[in-house]
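Take a look at the letters that make up each chain.
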Amino acid sequence: MKTLRRFNARAAVVALLLTCAAPSVQGTSIIVASTTSTEQSGLFAHLLPAFEKASGIKVKVVAAGTGQALDIGRRGDADIVFVHDPMAEERFVADGSGVSRTAVMYNDFVLVGPGSDPARAAGADIVSSFKAIFSARTNFVSRGDKSGTHAAELRFWAQAGVDPLTTKAAWYRDTGSAMGAALNTAAAMNAYVLTDRATWLAFKNRRDLKILVEGDSRLFNQYGVILVNPKKHAHVKAQAGQSFIDWLVSADGQSTIASYKIGGAQLFFPHAKK
Amino acid sequence: MSLIVDSALEAIRLMASGDARLMEVAQLSVRVSGTATIIAALIALPLAAWLVQTRSAVRAPVVVMLNACMALPPVIVGLVVYLLLSRSGPLGALGWLFTPNGMIVAQTVLITPIIAALARQTLDDAQLEYRDLFGSLGLSRWQSVATLLYETRFSLLIVLLAGFGRAIAEVGAVMMVGGNIAGETRVMTTAIALETSKGELASALALGMVLLLIVLVVNALAQSAKTWIGRRYV
Amino acid sequence: MSDAAQPIVAITNVDVSMGSSAILNRVSIRIHPGERVAVLGANGAGKSSLLRLMNALLDPSSGNVVAPAAAEQALIFQRPVLLKRSVRDNVVFALLARRTTADVANRVTDEALAACELAPLAHRYARTLSGGEQQKLALARAWALTPKLLLADEPTANLAPAAVHAVEMILRRMCEGGATIVLATHNRGQAKRLATRVIFMADGEIVEDVDAKTFFTSPKSAAAIAYLDA
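All figures in this text were calculated on a predicted structure; none of them were measured in a lab.

**Quick word on the overall build of chain C**
If you tally the helices and strands in chain C, you get 8 helices and 9 strands. Here the C-alpha atoms of chain C give a radius of gyration of 18 Å, agreeing with the 17 Å that 2.2 N^0.38 yields for 230 residues. In terms of overall dimensions, chain C has C-alpha extents of about 50 × 40 × 35 Å along its principal axes. A total of 230 residues make up chain C; the buried ones form 52% of that total. Sequence separation of at least 24 residues holds for 67% of the intrachain contacts in chain C that already meet a minimum separation of 6. In the form shown here, chain C has an accessible surface area of approximately 10,100 Å², with 52% of it arising from carbon and sulfur atoms. In chain C, 25 positive and 21 negative side-chain charges are present, and the distance between their average locations comes to 4 Å.

**Regarding the environment of Ser17 of chain B**
All names here are of chain B. Within the element layout of this structure, Ser17 appears in the loop between α1 (2–16) and α2 (20–53). Considering only alpha carbons, one finds Ser17 and Pro113, 96 residues apart in sequence, at a separation of 39 Å. Among the polar contacts made by the side chain of Ser17, one reaches the main-chain carbonyl oxygen of Leu14 at a distance of 3.2 Å.

**Some details on the layout of surface pockets**
Computed from the structure, the largest pocket encloses a volume of approximately 860 Å³. Of all the secondary structure elements, the ones that give two or more residues to the lining of the largest pocket are α2 (36–40), α3 (43–55), β2 (58–64) and α10 (197–202) of chain A together with α1, α2, α9 (188–197) and α10 (201–230) of chain B. In terms of residue count, α3 of chain A provides more of the lining of the largest pocket than any other element does, 5 residues in total. Its residues placed into classes, the lining of the largest pocket shows 18 nonpolar, 5 polar and 13 charged. When residues of the lining of the largest pocket are assigned to domains, at least three fall in each of domain 1 (25–107 + 222–270) and domain 2 (108–219) of chain A.

**Regarding the pattern of salt bridges**
The tally for this structure, following the rule as stated, stands at 27 salt bridges over all chains. The shortest N-O distance in the salt bridge between Arg13 of chain B and Glu10 of chain B comes to 3.3 Å. With Arg13 of chain B and Glu10 of chain B both in helix α1 and 3 residues apart, the pair spans about one turn of that helix. Its relative accessible area of 45% is what places Arg13 of chain B among the partly exposed residues. Glu10 of chain B sits in the partly exposed class, given a relative accessible area of 23%. The shortest N-O distance in the salt bridge between Asp124 of chain B and Arg59 of chain B comes to 2.8 Å. Taken together, the residues span a long stretch of sequence, with Asp124 of chain B in helix α5 (residues 100–137) and Arg59 of chain B in helix α3 (residues 59–69) at a distance of 65 residues. Given the relative accessible area of 16%, Asp124 of chain B is considered buried. A cluster of three or more residues bridged by salt bridges with shared partners is formed by Asp108, Arg197 and Glu214 of chain A.

**Quick notes on the packing of aromatic side chains**
In the structure shown here, the tally under the stated rule is 22 aromatic pairs over all chains. Seen in terms of ring centroids, Phe134 of chain B and Phe93 of chain C are 6.5 Å apart; in terms of plane orientation they differ by 45 degrees. Their pairing is tilted. Here Phe93 of chain C lies in helix α2 (residues 87–97) and Phe134 of chain B lies in helix α5, a pairing that spans two chains. We note that Phe134 of chain B, like Phe93 of chain C, is buried.

**Considerations on the sheet that holds strand β1 (residues 9–18) of chain C**
Residue and element names in this part refer to chain C. Taking strand neighbours across the sheet as the criterion, the 3 strands line up as β2-β1-β4 in an open arrangement whose pairing is antiparallel. What marks the edges here is a single partner per strand, and that holds for β2 (21–31) and β4 (62–66). Pairwise comparison of adjacent strand axes, ignoring direction, gives a mean angle of 20 degrees for this sheet. Pairing geometry for β1 and β4, over 4 bridges, is antiparallel. What sits directly across from Thr12, in β4, is Asn64. Against the sheet, helix α1 (residues 47–54) makes contact with β1, β2 and β4, and its axis sits at roughly 60 degrees relative to β2, the strand it touches most.

**Observations regarding the interface of chain B and chain A**
If you look at the interface, chain B gives 20 residues, while chain A gives 22 residues. On the chain B side of the interface with chain A, the three residues burying the most area are Arg87, Phe98 and Ser197 of chain B, jointly 29% of the side's total. Where chain B touches chain A, the interface holds 3 salt bridges. Across the salt bridge formed by Lys60 of chain A and Glu184 of chain B, the nearest N and O atoms sit 3.4 Å from each other. In this structure, the connection of chain B to chain A is made through 12 residue pairs in polar contact (both at pLDDT 80 or more). Among the elements of the structure, α4 (74–85) and α9 of chain B are those that each provide at least two residues to the side of chain B that touches chain A. With 3 residues, the single largest contributor to the side of chain B that touches chain A is α9 of chain B.

**Comments concerning a nonpolar patch on the surface**
Residues and elements named next belong to chain B. A contiguous nonpolar surface patch, about 470 Å² in accessible area, is contributed by Val75, Ile76, Val80, Leu84, Leu91 and Leu94. Within the secondary structure, Val75 is located in helix α4. The exposure class of Val75 is partly exposed, given its relative accessible area of 46%.

**A short note on helix α5 (residues 161–176) of chain C**
Residues and elements named next belong to chain C. The terminal C-alpha atoms of α5 lie 23 Å apart, and with 16 residues this matches the ideal 22 Å at 1.5 Å per residue to within 8%. Residues of α5 that are buried: Ala163, Val164, Ala166, Val167, Glu168, Ile170, Leu171, Met174 and Cys175. Tucked inside the fold, the buried residues of α5 contact β3 (36–40), α4 (131–144), β6 (149–153), β7 (180–184) and α6 (188–194). Just past α5, the residue Gly178 takes up positive phi, approximately 115 degrees.

**Comments concerning empty space enclosed by the protein**
Applying the stated criterion across every chain, the model contains 2 cavities of 30 Å³ or more. Lining the largest cavity, in full, are Leu133, Ser136 and Leu137 of chain B together with Ala74, Leu75, Ile76, Phe77, Ala138, Arg141, Ala142 and Leu145 of chain C. Secondary structure elements with two or more residues in the lining of the largest cavity: α5 of chain B together with β5 (73–76) and α4 of chain C. For the lining of the largest cavity, the residue count by class is 9 nonpolar, 1 polar and 1 charged. Taken as a whole, the second largest cavity holds about 50 Å³ of empty space. As for the second largest cavity, its lining consists of Ser29, Val32, Ser33, Gln107, Ala167, Ile168, Glu170, Val174, Val187 and Thr189 of chain B. Mapped by element, the contributors of at least two residues to the lining of the second largest cavity are α2 and α7 (153–169) of chain B. No other element matches the 3 residues that α2 of chain B contributes to the lining of the second largest cavity. Of the residues assigned to the lining of the second largest cavity, the class counts are 5 nonpolar, 4 polar and 1 charged.

**Quick notes on the packing of α5 of chain B against α7 of chain B**
All names here are of chain B. One can describe the packing of α5 onto α7 by two numbers: an axis separation of 9 Å at closest approach and a directional angle of 155 degrees. Taken as axis vectors, α5 and α7 run roughly antiparallel relative to one another. Considering the relative orientation of α5 and α7, their crossing is right-handed. Facing α5, whose interface residues are Gln107, Leu110, Ile111, Ile114, Ile115, Leu118, Ala119 and Thr122, α7 presents Ser155, Leu156, Val159, Leu160, Ala162, Gly163, Arg166 and Ala167. In terms of residue class, the contact of α5 with α7 is built from 11 nonpolar, 4 polar and 1 charged.

The rules behind these values
- The residue numbering used here restarts from 1 in each chain and proceeds along that chain's sequence as written.
- A letter from A marks each chain and a number from 1 marks each ligand, given out in the order of writing.
- This being a predicted model, a pLDDT of at least 70 is required before a residue's local features are given, and a value of 80 or more before pairs of side-chain atoms are given or counted; all residues contribute to the totals for chains, interfaces and linings.
- Hydrogens are left out, water is left out, and the side-chain values use all remaining heavy atoms of the structure.
- Secondary structure counts use DSSP, requiring at least four H or I residues in a row for a helix and at least two E residues in a row for a strand, with both numbered from the N terminus.
- For the radius of gyration, the atom set is restricted to C-alpha positions; the globular benchmark scales as 2.2 Å times the number of residues to the power 0.38.
- Only protein chains enter the calculation, and the probe is 1.4 Å; a residue is then buried if its accessible area is under 20% of its type maximum, exposed if over 50%, and partly exposed in between.
- Any pair of residues with heavy atoms lying within 4.5 Å of one another is described as a contacting pair.
- The method behind every accessible area is Shrake-Rupley, applied with a 1.4 Å probe, and residues are considered shielded solely by the protein chains displayed.
- Asp and Glu are treated as the negative residues and Lys and Arg as the positive ones, with His and the ends of the chain left uncounted.
- For charged residues, the charge sits on one atom: NZ in Lys, CZ in Arg, CG in Asp, CD in Glu.
- Within 3.5 Å is the distance limit for a polar contact, defined as a pair of N or O atoms, with the added protein rule that one can donate a hydrogen and the other accept it, and that residues adjacent in sequence qualify only through two side-chain atoms.
- In this analysis a 1.4 Å probe is tested at points of a 1 Å grid over the protein atoms alone, and where it fits but cannot get out there is a cavity; an open set with protein on both sides within 12 Å along at least five of seven lines is a pocket; lining residues have an atom within 4 Å of a point.
- Grid points are joined across faces, edges and corners, and a volume is the space filled by probe spheres set on the points.
- Just so you know the grouping, Ala, Val, Leu, Ile, Met, Phe, Trp, Tyr, Cys and Pro go in nonpolar, Asp, Glu, Lys and Arg go in charged, and all remaining residues, Gly too, go in polar.
- Boundaries of every domain are those given by an automatic assignment or by a domain database.
- Here a salt bridge means any side-chain nitrogen of Lys or Arg lying within 4 Å of a carboxyl oxygen belonging to Asp or Glu.
- Aromatic contacts are taken between Phe, Tyr and Trp rings whose centres are within 6.5 Å, Trp giving its six-membered ring; a plane angle under 30 degrees counts as stacked, one over 60 as edge-to-face, and the others as tilted.
- Two strands pair under a simple rule: DSSP has to find at least two bridges between them.
- Every angle, taken between N-to-C directions, lies between 0 and 180 degrees, and every axis is a line fitted to C-alpha atoms, over only the stretch in contact when it is a helix.
- Joining two parts hides part of their accessible area as seen by a 1.4 Å probe, and the buried area is that hidden amount summed over both.
- To count toward a patch, a residue needs a relative accessible area over 30% and no salt bridge; like charges are then connected within 9 Å, while nonpolar side chains (Val, Leu, Ile, Met, Phe, Trp, Tyr) are connected within 5 Å.
- Multiplying 1.5 Å by the helix residue count minus one yields the expected span of that helix.
- These descriptions rest on fixed angle ranges, namely under 35 degrees for roughly parallel, over 145 for roughly antiparallel, 65 to 115 for roughly perpendicular, and the rest for oblique.
- The crossing is said to be left-handed when, going from far helix to near helix, the turn is anticlockwise and less than a right angle, and right-handed when the turn is clockwise.

As structure tokens, this is what we get:
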């Protein structure tokens, strides 16, 4: 008994020394502030086990809108932000909150709406579809939550020459909700809504909604990943965070992203610029 | 209607199969809300006891404030605790944001006023009944309060259950402070919110049924504890 | 009345008022050890207030009250206030509240329950007893405290005749054991059976204060005559 205990104590000391000598990221965990589309589409559930197996680093995902995710990072409450609003991401890096932006992947937005398409919005040009919805004054559900999808939607309204927020029209439903909740609302109201394809493919409660516009190059939805600046927030796990970023853009990470499919359809497309 | 049937079947399937993720989420719900209830009770019951016996001028305003705080919106509690626990906030060094500890803090803040306000009223009502007896027996103020706490133990148990029920059923505070991280801070209510936003309505309802069942079991346990305590009387 | 110089209760010129209404008015009483005093009068005459004054549950607005310390008194209410515990634990609680040791409390409790014929019910939940049993338990609690002064506020109102008899038996035995008793009651028969002296009150004042026999055979005041005729 006694020798065994002494042996254990010696083993513990050796282990401790080894740990001190070679600081390892094994067994650590990082927090990733990301968007509802990546979480709700099931991408992370597909992606993270592969990374955790490869690195031994546990990834905890907090899913919010892009705006809130960036704010979580800005406050130092996450190690990584993984979002889809390139302009806001550049600002995040420019104000010193993040180290640098790395492009990871893209998916695309689609406009969905009632199968009967009362506004005749179906087509290949997203801006003329938005114009058609405005002239018909048919119900349109907006995220209204400063998310990446919301930012894209506002961009299309601006290109269509419409400012739905100042018109305060009844047809424009500013729901202030996440993608899934907005889709539920649109399904219940039989309204038009802009959604990312990934969430749409994973969404089950579609009722009468169908894809009406897709494929327009303006509908591309770029996802970027940024390490929160350790110079601003000293507790940020820079080493572990960087290895997550490195893995995402590695051949392994990119092929894992490409292999995520729902019903045979690919949801996200690798897009790492090395 | 088929949705309800589907969800009920799904609920039964989840529970019968002992679904590992469900068990983990359910356990965390009970652990977080149970701990919050215990901590809240340790703060609220002494506060209520103090309020019952004090003649201080702050008594009336404190009572009104506690009663009003029963209506604290969970998201506001969540937001305030989020700002406090954020790395940029005053308690950031604890590193409790997006952890079960943070969720316990938020729920404790949420239900302490509920337990304190209800316990205070329960003790006050009992005091009215017992005051003359305690006076004639020459009990001190604190002896009286201690006896009141014991005499109202069954009512106070219900008060604690009300606090626990509020905690385990709320989603706003745990969502903000916990972040709904899978396997870390995902509890029953945030899982339900997630399933709903995925359009998985049957699965969301099934989880709702499981949550109700958990609450039912906790209440049944409390009821049997009460019966067991009462069993020594013939 | 052997020691006229040493009353157990001495109330001198006491007024009690709550807000603008007078509850007791110019009350002066001396009660001596061993006396059995019945306090009679209509509802609201001030009977309960007089008892509460003696028990220090009520403070005089003016005047002077000398009464035994709380530890030497016991008070019985019309509606017994029982704790949510067993019959036995109700008595033990009262003894422990008076800082009796646990050994003594257990022994005295058994004696008190036996004296009040409650021994078979010792482990029943007090709140499930009948009205008469509950009042007997309140008396057992008082009995255990061996008070010098026992104050009983309409202890048999709402009780069935058999229970009234049992309660009176216990009161009588406590008196024989040396307690001085002040009994507020509506029951004139009870006053006749138990009391050696009657204090008759009306509108917060003491109208008559004479020995029991005199009160019932030749009341002097109009109020007392009307009360006895009613």
